[in-house]
Amino acid sequence: MNGAESLVRTLVGGGVNVCFANPGTSEMHFVAALDRVEGMRCVLGLFEGVVTAAADGYARMTDKPAATLLHLGPGLANGLANLHNAVKAFTPLINIVGDHATYHRRYDAPLTSDIEAAARSIRGWVRTSPDAKAVAADGAAAIAASLAPPGQVATLILPADTAWNEADGIATVPEIAKPAQVSADAIAEALRVLRSGEPTLILLAGLALRERGLNLAARIGAKTGARMMAQTFNSRIERGPGRAPIERIPYPVDQAMTALKDFKHVILVGSKTPVAFFAYPNKPSVLMPEGYESHVLSKPDEDGVHALEWLADELGAGVLPEVKAEPQPPAATGAINPMSLGISLGAYLPENAIIVDEAISTGRGFFAPTRLSRRHDWLQNMGGSIGIGLPLAIGAAIACPDRRVVCLEGDGSGMYTVQSLWTQARENLNITNVIFANRSYAILRHELTNVGAQNVGRKALDMLDLGRPDLDWVALARGMGVPATRVETMDEFNKHFAESVTQQGPSLIEVVM
């Protein structure tokens with residue numbers, strides 16, 4: 001077998017069975033190998049940013065990596081924005097990038113570039129296979145590297161001749177590192193703080209936001225009076241009946257500082273000290289009040305859930321606080337606004353749905369009114385590079401084909417990866433795309449004021465406006481094979497959303513704001 005086939009067989013043997021791809025000439029032997037090897041599902045994306053975000057969504061829902069296949073340096077460059085987001089989410093991902101044959105590089109052909117330098121611009125593992133006989137072992141090392149706690153992007157660069165030359169065979173994946181357990185000193189410090197009686201925040205991230213971690217943190221809070229919160233943006237939060245509810249730190253600086261102003265201590269569970277997303281004139285970068293104390297219970301690469309269990313045992317926090325049963329409010333009617341949309345989303349969300357949230361301005365108010373909804377997972381953009389929502393939904397839907405994915409997307413950010421709709425249609429994925437069409441980069445209108453920009457005129461405002469012409473999301477979706485409709489009232493939204501979450505395949509609802 002050649003190097004490409006040895007790599008594909010190694011990936012499948014190591015549990016990697018989905019490849020999101022946008023290949024070119026240098027990757028043709030890998031493409032042929034995908035055809036010969038059973039056990040690898042291949043999903044075509046029409047833009048590399050779709051490919052990388054889809055792999056992110058898949059891994060968030062399966063806790064194992066998918067592979068990507070990108071074409072040379074420009075293909076990697078097109079995928080870097082969503083690789084950045086995957087890095088910030090600690091997503092395990094195997095990023096395979098083709099390159100010119102080793103002997104062809106010196107001729108500086110048009111597509112020649114420093115791929116390793118581009119790959120190293122984001123945090124992660126990077127390796128270039130030197131020859132065909134090394135490819136399988138390098139692939140096995142990439143699998144292990146991607147899964148090393150807390151998860152990372154592992155980029156394997158595959159020169160064309162290493163793919164087509166003869167290889168030795170399949171490689172075995174090295175032993176996967178396990179999360180380290182926290183020290184007794186970290187537990188002792190957290191116990192001291194929790195027993196002090198001083199106002200304390202337990203700030204959760206990562207796996208601590210799954211059901212087990214949430215319920216443990218809630219038990220600790222009930223025993224000690226500490227309050228738990230999540231970061232503003234999170235890889236995945238499990239919500240609904242049987243899972244302790246949790247609030248997130250608000251995005252706007254003033255709101256966040258108000259929410260955090262009374263805390264003397266923050267105990268970090270896989271999280272970082274809360275900081276502002278951007279710097280603003282005359283506002284602090286750190287959102288905690290002056291004089292606060294920060295305590296690391298667990299780092300991102302440590303076992304935060306085990307640490308919470310240890311704490312709960314030491315405290316005798318054995319009873320999960322009873323959450324008073326409240327009925328989900330009925331769907332909202334009348335005019336469309338963010339609160340009404342949130343209420344209706346909560347009313348119609350099906351059991352075990354997966355919400356992919358890149359609604360940005362419109363979606364800030366959706367989290368609270370969906371807290372009483374049926375059990376679901378909530379995925380967000382952790383890296384801030386917009387255009388993740390539509391393709392993240394692809395990966396989540398492929399990972400969980402029996403669950404409905406609801407993608408909440410702004411019209412501006414959705415245009416970054418609109419090609420995702422074609423892949424959704426081709427794969428017949430169970431995704432309801434809800435596009436909030438406010439015809440603007442609405443968040444930036446607020447940011448003009450927040451950063452102190454004054455006396456802005458028409459040229460500046462035009463940079464934030466998506467009109468002249470208005471985007472027609474119904475036409476865009478239908479042109480790529482996704483059934484679509486436009487709604488202008490809550491009654492219309494309720495009807496079409498309720499129908500969409502019960503039907504097979506993708507659909508799109510354009511909500512005129």
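Scroll up to find the structure this text is about.
What you see is a predicted model; the values in this text were computed from it and never measured.

Colleague: Would you mind going over the pairing of strand β8 (residues 227-230) with me for this structure?
Modeller: Looking down a regular strand, the side chains alternate between one sheet face and the other. In terms of strand pairing, strand β7 (residues 200-204) meets β8 through four bridges, oriented parallel. Paired with I202 across the strands is M228, a residue of β8. Once the chain exits β7 it traverses helix α9 (residues 211-224) before rejoining the sheet at β8, and the crossover so formed is right-handed. Sheet analysis places β8 next to strand β10 (residues 247-248), joined by two bridges and oriented parallel. Note on β10: the bridge partner recorded for A230 is R248.

Colleague: Where do I start with the packing of aromatic side chains in this structure?
Modeller: Any pair of aromatic rings gets described here by the distance separating the centres and the angle formed by the planes. Evaluation of the coordinates by the stated rule reveals eight aromatic pairs. Ring geometry for F367 versus W378: centroids 5.2 Å apart, planes at 85 degrees, classification edge-to-face. Residue F367 is found in the loop between α13 (360-363) and β14 (376-380), and its partner W378 is found in strand β14; the two are separated by 11 residues along the sequence. For W378, a relative accessible area of 0% puts it in the buried group.

Colleague: Please explain the side chain of N430 as it appears in this structure.
Modeller: Examined against the element boundaries, N430 turns out to sit in the loop between α16 (420-426) and β16 (431-437). Looking at N430, its side chain comes within polar contact range of the side chain of Q504, at 3.2 Å. Those residues in contact with N430 that sit more than four places away from it in its chain are P401, R403, R404, V405, Q503, Q504 and G505.

Colleague: Would you mind going over the environment of L444 with me for this structure?
Modeller: With respect to the element layout, L444 can be found in helix α17 (residues 442-450). L444 sits in the partly exposed class, given a relative accessible area of 37%. On a C-alpha basis, the gap between L444 and D465 in space is 9.8 Å, while along the polypeptide they are 21 residues apart.

Colleague: Whenever I open this one, the packing of helix α1 (residues 3-13) against helix α6 (residues 132-147) confuses me. Can you help?
Modeller: When two helices pack together, you describe them by how their axes are tilted relative to each other and by the distance separating the axes. At a minimum axis distance of 8 Å, the contact between α1 and α6 shows a crossing angle of 25 degrees. Relative to α6, the element α1 lies roughly parallel. Between α1 and α6 the crossing geometry is right-handed. Between α1 and α6, the contacting residues are G3, S6, L7, T10 and L11 on the first element and A132, V135, A136, G139, A140 and I143 on the second. Residue composition of the contact of α1 with α6, by class: seven nonpolar, four polar and no charged.

Parameters and conventions
- Residues numbered from 1 in each chain as written.
- Predicted model: local features only at pLDDT ≥ 70, side-chain atom pairs only at ≥ 80, totals over all residues.
- Heavy atoms only, no water.
- Pairing = 2+ DSSP bridges.
- Helix = DSSP H or I, 4+ residues; strand = E, 2+ residues; numbered from the N terminus.
- Right-handed = clockwise from strand over helix to strand, strands pointing away.
- Phe/Tyr/Trp six-rings, centres within 6.5 Å; stacked < 30°, edge-to-face > 60°.
- Buried < 20%, exposed > 50% of the residue type's maximum accessible area, 1.4 Å probe, protein only.
- Polar contact = N/O pair within 3.5 Å; in protein donor to acceptor, adjacent residues only side chain to side chain.
- Contact = heavy atoms within 4.5 Å.
- Axes fitted to C-alpha atoms, helices over the stretch in contact; angles between N-to-C directions.
- Parallel < 35°, antiparallel > 145°, perpendicular 65-115°, else oblique.
- Left-handed = near helix turned anticlockwise from the far one by under 90°.
- Nonpolar A, V, L, I, M, F, W, Y, C, P; charged D, E, K, R; others polar.

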